[in-house]
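Residue-level listing of the chains:
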Amino acid sequence: MCGIVGYVGDKTAVPLLVEGLKKLEYRGYDSAGVAVLDEGSLTVKKSVGKLAALESKLGDEMPQTTVGIGHTRWATHGRPSDRNSHPHTDCTGKIAVVHNGIIENYLELREWLSGQEHAFSSETDTEVLPHLVEEFYTGNLEEAVHRVLGMVKGSYAMVVLHQDEPDKLVAARKDSPLVVGLGDGEYFIASDIPALLNHTRKTYILNDGEVAVLTRQGVKITDSKGNVIPKQVFQVNWSAEAAEKGGYDHFMLKEIHEQPRALRETISSRLAADNTHVILREVGMTAEEINKIRNIRIVACGTASYAGMVGKNVIEKLARIPVEVDIASEFRYCDPLLTPETLVVIISQSGETADTLAALREAKKNGCRVLAVTNVVGSSVSREADDVIYTWAGPEIAVASTKAYITQLAAMYLLALYLGQVRGTVGQELAQELIAELKNIPGKVQRILDGAPLIRDLSQTFTDVEDAFFIGRGLDYAVSMEGSLKLKEISYIHAEAYAAGELKHGTLALIVDKVPVIALATQESLFEKTLSNIQEVRARDAKVIGMVFEGNNQMKKSADYVLYIPRTHQFLAPLLSVVPLQLLAYYVSLARGCDVDKPRNLAKSVTVE
Ligand code: F6R
């Protein structure tokens, strides 16, 4: 994820900026840069790769300036490169901007700015910002930034530096964190608290819509209309380690809580404002090519393959194309039946999983078009695929995947709707209903997260459990697979997922007194059937934890405990039902004293066969 650091004071800025960026390295990045005012003129140094590469570019003779901004970039729009690194500048080279988040309407703005004779030098969404500031600057940077904020849509934490107002930084935030550090005659700005801790523990936490102006004389905070607002000092008492986790005890918990934002960033720019259609510019297939697709093979490993199972279900429903889901390690050796009319969809958070990459190459060798869903711009998968849908989850640090999975699900819905709309297999009414509801999903995920203490209480009953089962039908079965994997990988409880109707064909023999059975029943059309399967396990004295939409009064008669999730369209239920399962796995792991973020025997990126 990108990191921001800014400084105004009386010390040499460059070492402070680099030191601050180093404190944000744990978040992952692929390039870095700084902008400072050197003898009155703006100097920008940036480099792809690690901070050491930037440091060697900066050399020993660093500018002695005392004002500057720095950035570590995790690529979203445009691959990692010197050109795409931040800070970005305007046409005059006087304005520099660092930015985290995504400017959703950047294409529109870029087009408009090009019409005003602005020339762009990167592929990023961010670059519209310095050009917009240039466009509106009439001698007052703060005013220009306010005007820019009125034009941009999306999420941002940004800091702007202008050569003509040399002792000033102007910063703004919406849906992406930004913190002001209050020193003695010196002020800092950063996207995350760890970057400040060596210098101060007194901070202002900026809220959405607020703008901060930092000078050596102090910090002024205004609201979106420019009115000065009083701000309370937040004293940071966290240790440096806790600060890296944003105050959460583990990266996994932090990442679970980042899901509303990750979802918003992944979907919002891809859904038309009037809900009529999905916009997937990154899919380069023509309508003719899409109409020619005879079958789809989704290929992935682990969690990513379970996202693929949801994808199969929704693509078949909405685009009416037959889909198979293959485990990548099997696909490469099974002599798959592929034709040029087969679309191969590769899902990989890291984009580097050895088996998945080999499967991609196998598909290309067979002449198939390959569409990748990945979280890492510039990864091997993204470079070798024909089309890439990026999930904008930001780097995932915990081994157990959470926010990457949920954004992979989002990508599956976008793809299914897109293929359906091009092929004319999805009715306009249903498409509109699903698109409108997709926009509500981040808020509903947030509501589930707000109820986390209830799941923490439930987890206490799992401390001595040895086996657990997850059951569900249709989409609930696909999510059960992911719930089961989450529980086993971080709590070491033996867990299995079954299609609810399949239990009695063997597995029911394992259902004995007090064995937990987590039964997902969000698919209303299959509800009665799932309820019968629940009765089967109850009759064997299993401990049933049911999951249904709010307002369902039937489950409580059949289950020992009921997890309620906000009501949504049943097609979209996986985006919500997985969240309590992630929280359950997390709290059970914690209660059993396991190493949540680094479970035994597992690695984050599996680059060996
Ligand atoms: C489990 C988990 C793994 C990964 C799998 C594929 O929580 O994270 O099952 O999903 O190793 O990794 P990527 O998506 O990087 O190809």
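First things first, this report covers the structure right here in the doc.

On to the pattern of salt bridges, then. Summed over the entire model, instances satisfying the criterion amount to 34 salt bridges. A salt bridge links D164 to K94; its shortest N-O distance comes to 3.2 Å. Of this pair, D164 sits in the loop between strand 7 (156–162) and strand 8 (169–174) while K94 sits in the loop between strand 5 (88–89) and strand 6 (95–100), placing them 70 residues apart in sequence. Linking D208 and R173 is a salt bridge whose minimum nitrogen-to-oxygen distance equals 2.8 Å. Note that D208 is positioned in the loop between strand 11 (202–205) and strand 12 (211–215) and R173 in strand 8, a separation of 35 residues in sequence. Given a relative accessible area of 39%, D208 falls into the partly exposed group. If you follow the salt bridges from partner to partner, you end up with K254, E258 and K403 in one network.

Before going further, it helps to spend a moment on the site of the ligand. The environment of the ligand is formed by 14 residues, the closest being S348, Q349, S350, T353 and E489. The separation between an oxygen atom of the ligand and a polar main-chain atom of T303 is 3.1 Å. Separating an oxygen atom of the ligand from a backbone N or O atom of S401 is a distance of 2.9 Å. In the complex, 89% of the free accessible area of the ligand, which totals 410 Å², lies under the protein chains. Counting only elements with at least two residues in the shell around the ligand, the list comes to helix 10 (302–319) and helix 17 (475–491). In terms of residue class, the shell around the ligand is made up of five nonpolar, seven polar and two charged. Two domains each provide a minimum of three residues to the shell around the ligand, namely domain 2 (254–432) and domain 3 (451–591).

A word on helix 8 (residues 259–267). The buried count for helix 8 comes to eight of nine residues, which makes it a mostly enclosed element. Among the residues making up helix 8, those that are buried are Q259, P260, R261, A262, L263, E265, T266 and I267. Packing partners of the buried residues in helix 8 comprise helix 7 (251–257), strand 19 (387–390), helix 14 (403–423), helix 15 (428–450) and helix 20 (574–591).

Definitions and limits used
- Residues numbered from 1 in each chain as written.
- Predicted model: local features only at pLDDT ≥ 70, side-chain atom pairs only at ≥ 80, totals over all residues.
- Heavy atoms only, no water.
- Salt bridge = Lys/Arg side-chain N within 4 Å of Asp/Glu carboxyl O.
- Helix = DSSP H or I, 4+ residues; strand = E, 2+ residues; numbered from the N terminus.
- Buried < 20%, exposed > 50% of the residue type's maximum accessible area, 1.4 Å probe, protein only.
- Near = heavy atom within 4 Å.
- Polar contact = N/O pair within 3.5 Å; in protein donor to acceptor, adjacent residues only side chain to side chain.
- Areas by Shrake-Rupley, 256 points an atom, 1.4 Å probe, with all protein chains shown as cover.
- Nonpolar A, V, L, I, M, F, W, Y, C, P; charged D, E, K, R; others polar.
- Domains from an automatic or database assignment.
- Contact = heavy atoms within 4.5 Å.

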